[in-house]
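Examination of the molecular architecture
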Amino acid sequence: MKKLPRTKTRQPARTVSIIGTGSYVPEKIITNADLEKMVDTNEEWITSRTGIRERRIAAEGEHTSHMAARAAERAMEQAGITAEDIDLIILATVTPDTFFPSTACHVQRLLGARKAACFDISAACSGFLYGIEVAQQFISNHTCNTILVIGADKLSSIVNWQDRNTCVLFGDGAGAAILRYRAGSHGVITTFMGSDGNYGDILHMPGGGCALPVTKENFEQRLNTLHMNGRETFKQAVTSMLAAANKALEQSGLTIEDLTCIIPHQANLRIIEALAERLNLPLSKFQINLDRYGNTSAAAVAIALDEANRTGRFKQGDYILMVVFGGGLTYASSVVQW
Ligand code: ACO
């Protein structure tokens, strides 16, 4: 019988490492004091209920793809690769430049990453870790060698700036990582992903899609802006992040004591405090930057990862846990040996 050719998937699975990270936030800062002039709110309420002090807002004409490309350039520089080395660009966002082309394709053009295939992921704030898992699969089964994963959002473009319940929470930014096989390293040990579509309406943008296309009436009702049930989202966030963290630890065979650093989604300091308490960990183990950037959606965990990496919060060989939740509902967690 004729012998079948060796297929890609018959090769042994490869371990996948994050070999570079980068991030970008716009220059313009909106402080809590600035928001006091825009809606009926006050500095004390925002700081005590959320931990957020200021957020960055994209400039006129600065799109999700522009922020993503800046973050990607920094990640490529750290990884020591060029745009030509990239086989695949995966970009997580809920604020794409256009429905199509994908924002990943816009980034490809900006970077000159001619050889890359490109697509977007829609998993709200969980999108960056969903992207890490997809990249891990593509590299470990030899489909790709070098993948750029980006989390980028311009939430200022879909926030209702007259709604004090939401406008104080969000900001704009982008974070990126380069993933590649690296011999002799454990890299991404495991990623857990989950979703629950039954809770879709606690955090969503009802209009703008084919279910409710933009009409004058919809626009006037602000259906093309972000809507949120804050209390329910808070509850679901704590529950799902705790479950995801425990699941990733179980899958990796590690215990909480093995972790050097936890990088959580940056939505609300009280959510992170609740998670720390339930995991029985001091808050000092968590990388937190929401006081400076607010919730940047898919970018949040990616920016925090880059800041932790660049400030030496962990060294090669250390174990870190990233854990996120977002609209959908979606949630995810990754254990990485750096
Ligand atoms: N300034 C002043 N008062 C406010 C403001 C504000 N900016 N926003 C709400 N309030 C008022 C409310 O109207 C309410 O008043 P009332 O009691 O007279 O009705 C009061 O403050 C308390 O409201 P709560 O909703 O109970 O406040 P809570 O302590 O739950 O905090 C918050 C609200 C910050 C939104 C919190 O619930 C939260 O963080 N939820 C999770 C949000 C989140 O993580 N979203 C992002 C998800 S990730 C993604 O995919 C994008």
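Residues numbered from 1 in each chain as written. Predicted model: local features only at pLDDT ≥ 70, side-chain atom pairs only at ≥ 80, totals over all residues. Heavy atoms only, no water.

1. Concerning the packing of helix H8 (residues 230-252) against helix H9 (residues 269-279)
Note the following rule: Each axis is a line fitted through C-alpha atoms, taken for helices only over the stretch in contact, and angles between the N-to-C directions span 0 to 180 degrees. Put simply, DSSP H or I for four residues or longer makes a helix, DSSP E for two residues or longer makes a strand, and each gets a number counted from the N terminus. The cut-offs work like this: below 35 degrees is roughly parallel, past 145 is roughly antiparallel, 65 to 115 is roughly perpendicular, and the gaps in between are oblique. Helix crossings get a hand from a simple test, with the near helix turned counterclockwise from the far one by less than a right angle marking a left-handed crossing and a clockwise turn marking a right-handed one. A contact between two residues is defined here by any heavy atoms of the two lying within 4.5 Å. In this classification, Asp, Glu, Lys and Arg are treated as charged, Ala, Val, Leu, Ile, Met, Phe, Trp, Tyr, Cys and Pro as nonpolar, and every other residue, Gly included, as polar.
Two numbers describe how H8 lies on H9: the axes approach to 10 Å, and their chain directions differ by 40°. Regarding the angle of H8 to H9, the classification is oblique. In this structure, the crossing between H8 and H9 has a hand that is right-handed. In this structure, H8 contributes Phe234, Ala237, Val238, Met241, Leu242, Ala245 and Asn246 to the contact, and H9 contributes Arg270, Ile271, Ala274, Leu275, Arg278 and Leu279. For the contact of H8 with H9, a count of residues per class yields 10 nonpolar, one polar and two charged.

2. Structural notes on the side chain of Thr21
Inclusion rule: The classification of residues rests on relative accessible area computed with a 1.4 Å probe and restricted to protein chains. Under 20% of the type maximum is buried, over 50% is exposed, and intermediate values are partly exposed. The term polar contact refers here to a pair of N or O atoms within 3.5 Å; inside protein, the definition further demands a hydrogen-donor-capable atom paired with an acceptor-capable atom, and it admits residues adjacent in sequence only when both atoms are side-chain atoms.
Structurally, the position occupied by Thr21 is in strand E1 (residues 16-24). By relative accessible area, Thr21 is classed as buried at 0%. For Thr21, the side chain forms a polar contact with the side chain of Asp306, separated by 2.6 Å. A polar atom in the side chain of Thr21 sits 2.8 Å from the side chain of Asn309. What Thr21 contacts, discounting residues up to four positions off in sequence, is Arg74, Ala75, Gln78, Ala176, Ala177, Leu305, Asp306, Asn309, Arg310 and Trp338.

3. Focus: the site of the ligand
Just so we agree on the cut-off: We call a residue near a given molecule or strand whenever any one of its heavy atoms falls within 4 Å of it. Only the protein chains shown count as covering a residue, and every accessible area follows the Shrake-Rupley method with a 1.4 Å probe.
What surrounds the ligand is a group of 26 residues, the closest being Thr41, Arg49, Cys125, Arg231 and Asn268. Within the side chain of Thr41, an N or O atom sits 2.6 Å from a nitrogen atom of the ligand. A distance of 2.6 Å separates an oxygen atom of the ligand from a polar atom in the side chain of Asn268. Its free accessible area being 1000 Å², the ligand has 78% of it covered by the protein chains. Every element with two or more residues in the shell around the ligand is listed here: helix H2 (43-50), helix H6 (164-167), H8, H9 and strand E12 (319-326). Of all the elements, H8 adds the most residues to the shell around the ligand, at four residues. Of the residues that constitute the shell around the ligand, the class distribution is 11 nonpolar, 10 polar and five charged.

4. A short note on the sheet that holds strand E5 (residues 117-121)
Our working rule: At least two DSSP bridges between two strands are needed for those strands to be called paired.
In space, the five strands of this open sheet follow the order E1-E7-E6-E4-E5, with mixed pairing throughout. Only two strands of the sheet have a single partner each, and these edge strands are E1 and E5. Averaged over all adjacent pairs, the angle separating strand axes in this sheet is 20°, with direction ignored. Of the strand pairs in this sheet, strand E6 (residues 146-154) and strand E7 (residues 172-181) are connected by nine bridges, and their pairing is antiparallel. By the bridge assignment for E7, Lys154 is matched with Asp172. The strands touched by helix H4 (residues 103-111) within the sheet are strand E4 (88-92), E5 and E6, with E5 carrying the most contacts at an inclination of about 135°.

5. A closer look at the nonpolar core
Short version of the rule: To form a nonpolar core, buried Ala, Val, Leu, Ile, Met, Phe, Trp, Tyr and Cys residues must be joined to one another through side-chain atoms within 4.5 Å. Start and end points for every domain follow an automatic or database-based domain assignment.
The biggest cluster of nonpolar side chains holds 44 residues, and the ones touching the most others in it are Ile262, Ile271, Leu279, Phe286, Leu321, Val323 and Phe325. For this core, the secondary-structure elements that each account for two or more residues are H8, strand E11 (259-264), H9, E12 and strand E13 (330-337). Summarising the domain contributions, this core has at least three residues from each of domain 1 (17-184) and domain 2 (188-337). If sequence neighbours within four positions are ignored, Val323 has contacts with Leu129, Met241, Ala244, Ala245, Ile262, Ile263, Pro264, His265, Leu275, Ala332 and Ser333. Ala123, Ala135, Ala298 and Phe314 belong to the second-largest nonpolar core, a separate cluster that totals 34 residues.

6. Quick look at the packing of aromatic side chains
Basically, it comes down to this: Each Phe, Tyr or Trp ring (for Trp, its six-membered ring) is paired with any other whose centre lies within 6.5 Å, and the angle between the two planes then decides the class: stacked below 30 degrees, edge-to-face above 60, tilted in between.
Taken as a whole, this structure holds two aromatic pairs when the rule is applied. Measuring from ring centre to ring centre gives 6.3 Å for Phe192 and Tyr331, while their planes differ by 35°; the resulting arrangement is tilted. Taken together, the residues Phe192 in strand E8 (residues 187-195) and Tyr331 in strand E13 connect sequence positions 139 residues apart. Measuring from centroid to centroid gives 4.8 Å for Phe314 and Trp338, while their planes differ by 55°, and the two rings are tilted. Within this pair, whereas Phe314 is found in the loop between helix H11 (300-310) and E12, its partner Trp338 is found in the segment after E13, the two being separated by 24 residues in sequence.

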